[in-house]
Amino acid sequence: MIENVANEDVIVPRTKDGLQPLHAIYSKNCVDAIRRSIDEGKSKIIDIYDQVNVKIVDEKDFLCFDPGRESFINVNTPQELVSLGRNREPRLK
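(A) How the structure looks around the overall build of the protein. Of the regular secondary structure elements, the protein holds two helices and four strands. Expressed as a percentage of the 93 residues in the protein, the buried residues total 24%. For the protein, contacts bridging at least 24 residues in sequence account for 47% of all contacts bridging at least 6. Carbon and sulfur atoms make up 51% of the accessible area of the protein, which amounts to about 7300 Å² in all.

Structure below.
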């Protein structure tokens, strides 16, 4: 995704499930917008998107790097992590 940076403040991937802000790249130009958002009591990083220059990278443009979409698997509990390990085949190095 870093190769997609031109003059944008945020490069954010979009999958079939929507924007993936935790996988985005943020420039230092976002700091003021983040501070304003926090001061306003907002806690979602996407709240700054209307204040900065955002480029969306569609899934088709990065799927070749992660065809199984494994980097977007949501794991919230130790049990989910264990379950994920059981459902995967070992990777060869």
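(B) Expanded view of the side chain of T15. Structurally, the position occupied by T15 is in strand β1 (residues 10-15). For T15, the side chain forms a polar contact with the side chain of R69, separated by 3.3 Å. Not counting residues within four places of it along the chain, the set of residues in contact with T15 comprises Q20, E59, F62, R69 and F72.

(C) Geometry of the nonpolar core. The biggest cluster of nonpolar side chains holds eight residues, and these are V10, V12, A24, C30, A33, I48, Y49 and V52. Excluding residues within four positions of it along the chain, V12 makes contact with L19, Q20, P21, A24, Y49, V54, K55, I56 and V57.

(D) Region of the structure containing a nonpolar patch on the surface. A contiguous nonpolar patch, built from I73, V75 and L81 and spanning about 240 Å² of accessible area, is present on the exposed surface. Mapped onto the elements of the fold, V75 is located in the loop between β4 (54-58) and α2 (78-86).

(E) Just the side chain of E8, in detail. Positionally, E8 belongs in the segment before β1. Sequence-distant contacts of E8, that is, excluding residues within four places in its chain, are made with S27, N53, V54 and K55.

(F) The environment of L63, seen in detail. Assignment of secondary structure puts L63 in the loop between β4 and α2. Take L63: its relative accessible area is 31%, and that puts it in the partly exposed class.

Conventions adopted
- Within every chain, residues take consecutive numbers counted from 1 along the sequence as written.
- The predicted nature of this model means local features are confined to residues of pLDDT at least 70 and side-chain atom pairs, given and counted, to a pLDDT of 80 or more, with totals for whole chains, interfaces and linings taken over all residues.
- Calculated side-chain values reflect all of the structure's heavy atoms, with hydrogen atoms and water omitted.
- Per the convention used, a helix needs a DSSP run of H or I reaching at least four residues, while a strand needs a run of E reaching at least two, with both numbered from the N terminus.
- Whether a residue is buried, partly exposed or exposed follows from its accessible area with a 1.4 Å probe, protein chains only, as a fraction of its type maximum: under 20%, in between, or over 50%, in that order.
- When checking whether two residues touch, look at their non-hydrogen atoms; a contact exists if any pair is within 4.5 Å.
- Here the accessible surface of atoms and residues is derived via Shrake-Rupley with a 1.4 Å probe, and residues count as covered only by protein chains that are part of the display.
- Between N or O atoms, a polar contact is any pair within 3.5 Å; within protein, one atom must be a potential hydrogen donor and the other a potential acceptor, and residues adjacent in sequence are included only when both atoms are from side chains.
- By convention a nonpolar core is built from buried Ala, Val, Leu, Ile, Met, Phe, Trp, Tyr and Cys residues, the set being connected through side-chain atoms within 4.5 Å.
- The patches described consist of residues with a relative accessible area above 30% and no salt bridge, like charges being joined within 9 Å and nonpolar side chains (Val, Leu, Ile, Met, Phe, Trp, Tyr) within 5 Å.
- What counts as a salt bridge is simple: a side-chain nitrogen of Lys or Arg found within 4 Å of a carboxyl oxygen of Asp or Glu.

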